[in-house]
Structures are given as C-alpha cells and as structure tokens.
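Each chain is listed here by its residues.
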Amino acid sequence: MFGAGGGTSSYRETEEANIILLWGSNAREAHPIYFHHVLRGIRNGARLVVVDPRRTVSAQWADAWLGLDVGSDVALANAMGREILAAGLENREFIGHATAKFDAYRDAVQKYTLEYAERETGVPASAIRDVAHAYAKAEKAQLCWTLGITEHHNALDNVFALINLALLTGHVGRWGSGVCPLRGQNNVQGGGDMGALPNKLPAGHDVENPASREQWERLWGAPIPHKRGWHLSRMFEEMEHGNLSALYVVGENPAQSEADQTRAMNLLEGLEHLVVQDMFLTRTGELAHVVFPAAASWCEDEGTVTSSERRVQRVRKALEPPGQARTDLEILVEIGRRFGVDLGSPVAERLWDEMRSLSPWHGGMSYRRLEAENGLQWPCPDESHPGSPFLHGRLWADPVGGPLAIFVPTEHEPPVERLTEDFPIRLTTGRRLDSFNTGVQTGGYSSPLRRGETLDIAREDGERLGIADGEVVRAVSRRGAVDVPVRYDETLRPGLAFMTLHFQDEVATNLLTIDATDPKSGTAEFKAAAIRIEKVAAPALVAR
C-alpha cells in the first residue's frame with residue numbers, strides 16, 4: 001500500500017502521540033523495550049487503547065480495552081472506518097491528494113455497521129464508536145500491531161484493514177502519526193531488508209523486476225531466478241507433493257515452530273537431505289543429516305541488526321566462538337568454496353558495503369557512521385543524509401512524490417476452524433516476557449518469572465467442566481492432544497484458552513494448532529484453533 005516493508009514511525013513518536021492503538025499486540029511482554037516508549041506516552045497524556053481477545057498486561061495499562069473475538073479484526077476495523085465516514089471525520093484533503101481507490105473502500109465498509117460489528121466481534125457498539133472518533137480526531141496517532149494480526153489465515157487482509165484506517169484519517173507520513181508493525185523476532189526487519197524473503201532482493205528490490213535483477217546480477221556475476229521463491233508454508237506443501245527433497249535451515253527450528261507439528265515432523269523426517277546451521281542442537285537439528293555449529297550472532301560475530309523502527313545498529317564481536325563453531329558467514333563462504341564458487345572473504349563489513357552500493361535505503365550507512373551515530377534509520381541514501389525518522393512524508397508534498405497510497409478493501413472472514421459441540425473452546429497462542437519462541441535460546445536458563453506451560457482458561461470454564469486450578473487435563477484438537485496443567489486466568493473470557501510455544505519439549509502446543517495458511521503471506525493461523533478439554537483419568541493404584 002505504501003511501497004516499503006517497514007514501520008513508518010520512530011519509537012520516540014509514541015511518546016508524543018495523543019492516542020496509541022495496540023492492536024493484536026501484548027507489547028508489555030512481547031516487546032518490552034517498545035512498551036517503555038508507550039509508558040512515556042501515557043505519562044505525557046496519551047490515551048492507550050488495546051485491541052486484543054485477552055485482557056493482557058498491556059491492556060491493564062489502557063484507557064480502553066476492546067476485547068474482540070479471535071479473528072474478527074477486519075469486522076472491527078471496517079466498522080471503525082464506516083463510523084469515521086458517517087461522522088464526517090475522515091481527512092478529505094489527504095484522501096483526495098495522496099490516495100487512490102477510496103471510493104471502493106467507502107462502498108465496501110458500508111455494510112459494517114456498529115450493530116453488525118458488535119455481533120461479529122463481541123465489542124459493544126458504543127466502545128467501537130468512541131475509539132473510532134478518538135483516533136480520527138487525534139492530532140497525532142500511532143497504530144501498532146504484531147502477531148495477533150498476522151498469525152491468521154487472512155493475515156494480509158488484517159493488515160490492509162488497519163492501514164486503511166491510517167489513510168482514512170491521514171495518520172501517516174508526518175511526525176507523530178504512523179503505523180508500526182512490531183516484528184515478531186529480533187532482526188526480522190533486517191532479514192527482510194537483506195532479501196531473506198521469497199520475492200525480494202536486498203533493499204526491497206523485486207526479484208521479478210528485470211531492472212532490479214540486472215543490477216544484482218552484474219554485481220554478483222551470476223544469474224538470478226526470474227520467479228519468486230517459496231515461503232516456508234509453501235515449502236512444506238511442496239514436501240508433501242514430493243517436489244522438495246532437500247532443505248537447508250539456518251537459525252530456525254521448524255520441527256517445533258510450525259503449526260500442526262505432527263505433519264511438520266513427518267515431512268521433515270521424509271526429506272532426502274536436511275542441513276541445519278544453528279548455535280544450538282535444536283529438535284530440527286536432531287533430524288538433520290548434517291549439522292553446522294554456528295556462532296552466536298549477537299556476541300561472537302560482527303554485523304548489523306535492524307529494529308522495527310528501521311534503525312540499523314552495529315553488532316560487535318565480544319567472544320570467540322567455542323569449539324568447532326564458526327560464524328554464519330564463514331560457513332557459507334566455505335560451502336561456496338566446496339562448490340567451486342568464490343564468495344570472497346568472510347568479512348561482514350565487506351559484504352555490508354557491497355550491499356549498500358546498490359541500496360538506496362542503506363547507501364549512507366557506513367560502519368563508521370553507524371558507530372558514531374548509534375545507528376541510523378533507513379532510508380539513508382548517502383553519507384550526507386541524516387537518516388529518516390519517519391516514512392512517506394512525500395504523501396503530503398505537492399505534488400505527491402511517487403505513487404499514491406492505495407486503499408485495499410477487505411472482507412471479514414472468521415477463523416477457518418469453527419467452534420463446534422465437539423470442539424467448543426477457542427485456543428489462541430502467544431508469548432511471555434521471560435521466554436523466546438520455542439524455548440531453544442531461553443529454556444536452558446532459569447528465571448524468577450518463568451513457570452512451566454499451562455492451559456490458561458477462565459475460572460467459569462473450569463468450574464463448568466469440573467476442573468480445578470492446577471489440575472492436569474488433556475487438550476484435544478482435530479490434529480492432536482497434549483496433557484497440560486490448567487491455570488485459571490482472570491484475563492480470559494469464558495470460551496477462550498491461551499497457551500505459549502515456549503516449552504515444546506514438555507508440552508508440544510503446536511500439536512494442537514492449525515496450519516491453515518494465508519495464501520498471500522504464507523503465515524499459519526496460530527491464533528485460532530478449536531479444542532476441547534478432557535479430564536485425565538487418575539492412574540490406577542497398584543496393590544502391594
């Protein structure tokens with residue numbers, strides 16, 4: 001919609017906003033550094049609104065919590081858009097000057113009345129109206145989201161629905177107002193910026209654009225495939241169809257991080273050749289034919305990382321890698337040599353300079369400047385450029401510099417897996433403050449905050465099912481079952497359950513999740529499975 005895959009705002013803008021919308025984001029636990037900026041904003045008078053099925057610890061800081069039903073985000077966003085239009089609060093000047101396809105959006109949201117949205121989302125119509133008006137009237141507004149928006153079968157439509165609201169109100173392209181997708185893991189932004197996406201080359205260049213390909217082909221002295229590659233979900237589909245027989249996994253643990261873990265394990269075990277490169281021997285590594293022990297990139301290697309505000313910062317080597325571990329770059333260069341290809345010396349700065357020679361985003365980001373200025377925000381096209389605190393200021397220029405921002409109409413689609421009499425509980429998943437992803441990097445360390453995996457449910461559900469707090473039960477989905485202790489959670493409404501993915505070796509939560517996938521982004525619907533909860537029979541007493 002904007003033409004660049006990065007958050008439009010700086011974190012500091014959050015401190016100066018009048019209203020902050022955290023949508024599908026428990027930033028207090030999942031993005032605690034960013035949440036410090038949110039707290040400063042609250043202290044400076046900002047109104048915090050949290051949109052989340054759970055009343056998370058982030059929501060407990062909020063002025064308003066919109067506790068929508070899982071998977072009803074598009075219905076809520078479209079209803080907010082319709083209400084803004086009905087009240088005449090849209091930014092007509094910005095819409096007419098900087099956007100396209102507004103009429104299609106306006107027509108599409110007409111059926112999303114407040115009454116319809118209340119039925120579909122469970123959020124009172126009055127609360128939807130209040131937040132819509134507050135967002136539209138604010139001078140400065142930040143709209144942030146994370147995996148609560150993107151881990152759905154209609155992930156991209158969810159994102160489009162939120163960006164439509166920013167376009168409708170003109171809350172983008174100026175200091176204080178913008179949209180901020182908080183990335184799910186460290187340096188996800190940097191990985192995408194470097195071309196670790198199936199359709200991209202570094203700096204957002206499209207692999208299917210001949211002009212873009214030609215530049216990199218000249219630099220690398222090798223042809224580049226003309227078609228986009230496969231995302232991770234597509235790779236598993238192709239394994240299933242017999243079209244993918246070898247896999248090289250770098251710093252990932254798909255055996256435990258993929259939805260529908262039984263299917264994922266079966267497909268990985270069926271590969272003819274599996275190579276894993278990681279700093280830990282993960283469950284995926286245990287399945288591999290070859291394992292390359294890698295250095296810890298945050299302390300045993302040189303390089304850069306990029307945050308969700310597009311800030312590129314240096315990573316500096318503090319320790320030598322242990323034993324036979326090598327840096328990722330050393331491993332890749334040596335593999336190239338074994339294949340008869342000279343990839344040059346494994347020096348991070350050399351590769352960085354090579355990349356930025358063709359990147360209008362990074363051209364001015366020498367290691368020297370990154371060190372001296374404690375990081376820079378792209379785009380930073382040359383050495384005299386100060387970096388860009390926010391994006392798309394061009395939309396306010398006259399004439400607009402570049403293409404218009406496009407409204408993308410979206411329609412509400414409920415979760416793929418419906419609740420039934422056999423599977424009446426909605427399971428959603430997320431993260432806790434003290435742990436990371438599948439627990440590979442955090443499970444080996446103790447924390448006073450950490451507790452084991454639990455099935456968090458509302459007290460009302462526990463009492464209705466005759467299940468006590470702390471009792472071990474069996475959670476069953478259409479794909480598998482796990483035994484797990486129950487934990488009463490006052491932040492949950494009846495009918496909603498919550499688990500994490502942090503303790504896969506003890507409780508394999510992804511045996512329950514569904515691999516229904518967004519066809520556009522390849523993201524699985526981790527946030528919406530249907531389960532039932534069964535009592536576990538007590539073990540029989542053995543006579544002595």
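Residues numbered from 1 in each chain as written. Predicted model: local features only at pLDDT ≥ 70, side-chain atom pairs only at ≥ 80, totals over all residues. Heavy atoms only, no water.

Caption draft 1: How the structure looks around the overall build of the chain. Across its full length, the chain carries 20 helices and 19 strands. Taking 2.2 N^0.38 as the reference for a compact globule, 544 residues should give roughly 24 Å; the C-alpha atoms of the chain span a radius of gyration of 24 Å, in line with that estimate. Overall, the chain is about 70 × 70 × 45 Å in size when its C-alpha atoms are taken along their principal axes. Within the span of the chain, comprising 544 residues, buried residues form 53% of the whole. Taking the intrachain contacts of the chain between residues at least 6 apart in sequence as the baseline, contacts between residues at least 24 apart amount to 69%. Of note, the chain has its 57 positive side-chain charges centred 2 Å away from the centre of its 74 negative side-chain charges. (Helix = DSSP H or I, 4+ residues; strand = E, 2+ residues; numbered from the N terminus. Rg over C-alpha atoms; globule rule 2.2 N^0.38 Å. Buried < 20%, exposed > 50% of the residue type's maximum accessible area, 1.4 Å probe, protein only. Contact = heavy atoms within 4.5 Å. Lys, Arg positive; Asp, Glu negative; His and termini not counted. Charge placed at Lys NZ, Arg CZ, Asp CG, Glu CD.)

Caption draft 2: Highlighting the packing of helix 7 (residues 114–121) against helix 8 (residues 125–137). Packing of helix 7 against helix 8 brings their axes to within 8 Å, and their N-to-C directions diverge by 115 degrees. Here helix 7 lies roughly perpendicular to helix 8, going by the angle between them. When the axes of helix 7 and helix 8 are compared, the crossing they make is right-handed. Judged by residue contacts, Leu114, Ala117, Glu118 and Thr121 of helix 7 engage Ala125, Ile128 and Arg129 from helix 8. Of the residues contributing to the contact of helix 7 with helix 8, the split by class is four nonpolar, one polar and two charged. (Axes fitted to C-alpha atoms, helices over the stretch in contact; angles between N-to-C directions. Parallel < 35°, antiparallel > 145°, perpendicular 65-115°, else oblique. Left-handed = near helix turned anticlockwise from the far one by under 90°. Nonpolar A, V, L, I, M, F, W, Y, C, P; charged D, E, K, R; others polar.)

Caption draft 3: Structural view of the packing of aromatic side chains. For the coordinates displayed, the defined rule picks out eight aromatic pairs. Seen in terms of ring centroids, Trp361 and Trp378 are 3.9 Å apart; in terms of plane orientation they differ by 5 degrees. Their pairing is stacked. Of the two residues, Trp361 sits in the loop between helix 18 (348–356) and helix 19 (367–372) while Trp378 sits in the loop between strand 12 (376–377) and strand 13 (405–406), which places them 17 residues apart along the sequence. Members of the aromatic cluster, connected to one another through ring pairs, are Phe102, Tyr105 and Phe407. (Phe/Tyr/Trp six-rings, centres within 6.5 Å; stacked < 30°, edge-to-face > 60°.)

Caption draft 4: Representation of the packing of helix 4 (residues 73–86) against helix 8 in the model. Look at helix 4 against helix 8: their axes get within 9 Å of each other, and the N-to-C directions meet at 65 degrees. The element helix 4 and its partner helix 8 pack so that their crossing is right-handed. Contacts from Leu76, Ala79, Met80, Glu83 and Ile84 of helix 4 reach helix 8 at Ile128, Arg129, Val131, Ala132, His133 and Ala136. In terms of residue class, the contact of helix 4 with helix 8 is made up of eight nonpolar, one polar and two charged.

Caption draft 5: Fine view of the pattern of salt bridges. Overall, the coordinates contain 40 salt bridges when judged by the stated rule. Residues Asp107 and Arg106 are paired through a salt bridge, measuring 3.7 Å at the closest nitrogen-oxygen approach. Linking Glu286 and Arg283 is a salt bridge whose minimum nitrogen-to-oxygen distance equals 3.2 Å. With Glu286 and Arg283 both in helix 16 (residues 283–287) and three residues apart, this pair spans about one turn of that helix. Arg283 gets classed as partly exposed once you look at its relative accessible area, which sits at 27%. Salt bridges sharing partners connect three or more residues here, namely Glu302, Arg314, Arg316 and Glu371. (Salt bridge = Lys/Arg side-chain N within 4 Å of Asp/Glu carboxyl O.)

Caption draft 6: The domain arrangement of the chain, seen in detail. For the chain, the assigned domains are domain 1 (11–181), domain 2 (188–377) and domain 3 (425–535). Between the C-alpha centres of domain 1 and domain 2 there is a distance of 33 Å. (Domains from an automatic or database assignment.)

Caption draft 7: Structural context of unusual backbone geometry. Backbone torsion omega between Trp378 and Pro379 reads 0 degrees, so that peptide bond is classified as cis. Mapping Pro379 onto the fold places it in the loop between strand 12 and strand 13. In this structure, Pro399 follows Asp398 across a cis peptide bond, with omega equal to 0 degrees. Mapped onto the fold, Pro399 is located in the loop between strand 12 and strand 13. We note that Asn187 has phi near 65 degrees; this positive angle belongs to a residue other than glycine.

Caption draft 8: Molecular detail of the nonpolar core. Membership of the largest hydrophobic core comes to 52 residues, with the highest contact counts inside it found for Leu21, Trp23 and Trp145. Contacts of Trp23, omitting those with residues within four sequence positions, involve Val51, Asp73, Leu76, Ala77, Met80, Leu143, Cys144, Trp145, Thr146, Ile149, Leu162 and Leu165. (Core = buried A, V, L, I, M, F, W, Y, C linked by side-chain atoms within 4.5 Å.)

Caption draft 9: Fine view of the sheet that holds strand 10 (residues 303–306). Spatial ordering of the open sheet is given by 10-11-12, a layout of three strands whose pairing is antiparallel. Two strands close off the open sheet at either side, each with one partner strand: strand 10 and strand 12. In this sheet, strand 12 lies alongside strand 11 (residues 311–315) in antiparallel orientation, the contact comprising two bridges. Its bridge partner being in strand 12, Val312 is matched across the sheet by Leu376. (Pairing = 2+ DSSP bridges.)

Caption draft 10: Region of the structure containing the pairing of strand 18 (residues 496–500). For strand 18, a buried count of five out of five residues is recorded, marking the element as mostly surrounded by other parts of the structure. Taken together, the five bridges between strand 14 (residues 425–430) and strand 18 define a ladder with parallel strand orientation. From the neighbouring strand, Gly430 faces strand 18, where its bridge partner is Thr500.

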